[in-house]
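# Per-entry structural report
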Amino acid sequence: DTLVFEYTVAQYQAATDLDYKSTTALSATGVLGRDSTSPTTAATLTLPALGTTLAANSAIVIDGAAPTIASIAPATGFDSNTYTRGQTIDITVTFTHQVQLKWGTPVLLIDVGSMTREAAYVSGNGTTALLMRYTVKTGDTATNLGYSYSSSALCLQSGCPASPA
């Protein structure tokens, strides 16, 4: 019969090929129940042999490194266009690892002249690149778009520092 275990990788944990530690690595908090009384011996893992271990039957790599921002750039590459009210500017936020959006929708705080504006999330969940989109508003004037390089430049809509929409 088969036991199925679930494990959540914590930040900074790593393994190049996941395997169990020893033949006594199987333990339980409480009681391991059995459907029959035979065999009566305690459950133990078999000695590692070719084809019988977790590592021999898989190539599970654990990488618990947290994603960090590698770059923020126009989605089309270098852009020297002039934009007017109502036009959109797509911005790609590239990460070192895939990102999963689990706690809300992110926004990117950008500098438009002397104003701080929000570029909205468009797509990219589960990838290394999030596509953000800014729509030019009345009164926006800037020779270049920018962003404040800080831990709060990319934030959840509900948790961003106050900024005009």
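A quick note: this is a predicted structure, and the numbers were derived from the prediction, not measured.

With respect to the helices, strands and loops of the structure, Gly-126 is situated in the loop between strand S6 (115-123) and strand S7 (129-135). Separated by 25 residues in the primary sequence, Gly-126 and Leu-101 have C-alpha atoms spaced 7.5 Å apart. Among residues more than four places away in sequence, those in contact with Gly-126 are Gln-98, Val-99 and Gln-100.

Looking now at the environment of Thr-141. Counting through the fold element by element, Thr-141 comes out in the loop between S7 and strand S8 (145-146). Between the C-alpha atom of Thr-141 and that of Gly-113, which follows or precedes it by 28 residues, the distance is 5.7 Å. Aside from chain neighbours lying at most four places away, what touches Thr-141 is Val-112 and Gly-113.

Following the criterion strictly, the structure yields two salt bridges and no others. Of the charged contacts in the structure, one is a salt bridge between Arg-133 and Asp-90, with a shortest N-O distance of 2.6 Å. One end of the pair, Arg-133, is in strand S7; the other, Asp-90, is in strand S4 (residues 88-95), and 43 residues separate them in sequence. Among the salt bridges present, the one from Asp-140 reaches Arg-117, with a minimum N-O distance of 2.9 Å. Residue Asp-140 is located in the loop between S7 and S8, and its partner Arg-117 is located in strand S6; the two are separated by 23 residues in the primary sequence.

What tends to happen in soluble globular proteins is that the nonpolar side chains get buried as a cluster. The biggest cluster of nonpolar side chains holds 15 residues, and the ones touching the most others in it are Ile-91, Val-93, Leu-108, Ile-110, Ala-119, Met-132 and Tyr-134. Of all the secondary-structure elements, those providing two or more residues to this core are S4, strand S5 (106-112) and S7. With four residues, the top contributor of residues to this core is S4. Apart from residues lying up to four places away in sequence, Tyr-134 is in contact with Gln-87, Thr-88, Ile-89, Ile-110, Val-112, Arg-117, Glu-118, Ala-119 and Asp-140.

The next subject is the pairing of S6. Across a regular strand the side chains alternate sides, sitting on one face of the sheet and then on the other. With six bridges connecting them, S5 and S6 associate as antiparallel partners. Looking at S6, one finds that Ile-110 is bridged to Arg-117. Counted along the chain from S5 to the antiparallel partner S6, the turn is two residues long, and its residue Gly-113 has a positive phi close to 65°. Bridging between S6 and S7 involves three bridges; their strand directions are antiparallel. Paired with Ser-123 across the strands is Leu-131, a residue of S7. Taking the residues between adjacent antiparallel strands as the criterion, S6 and S7 are bridged by five residues, where Gly-124 takes a positive phi near 120°.

Rules used throughout
- Residues numbered from 1 in each chain as written.
- Predicted model: local features only at pLDDT ≥ 70, side-chain atom pairs only at ≥ 80, totals over all residues.
- Heavy atoms only, no water.
- Helix = DSSP H or I, 4+ residues; strand = E, 2+ residues; numbered from the N terminus.
- Contact = heavy atoms within 4.5 Å.
- Salt bridge = Lys/Arg side-chain N within 4 Å of Asp/Glu carboxyl O.
- Core = buried A, V, L, I, M, F, W, Y, C linked by side-chain atoms within 4.5 Å.
- Buried < 20%, exposed > 50% of the residue type's maximum accessible area, 1.4 Å probe, protein only.
- Pairing = 2+ DSSP bridges.

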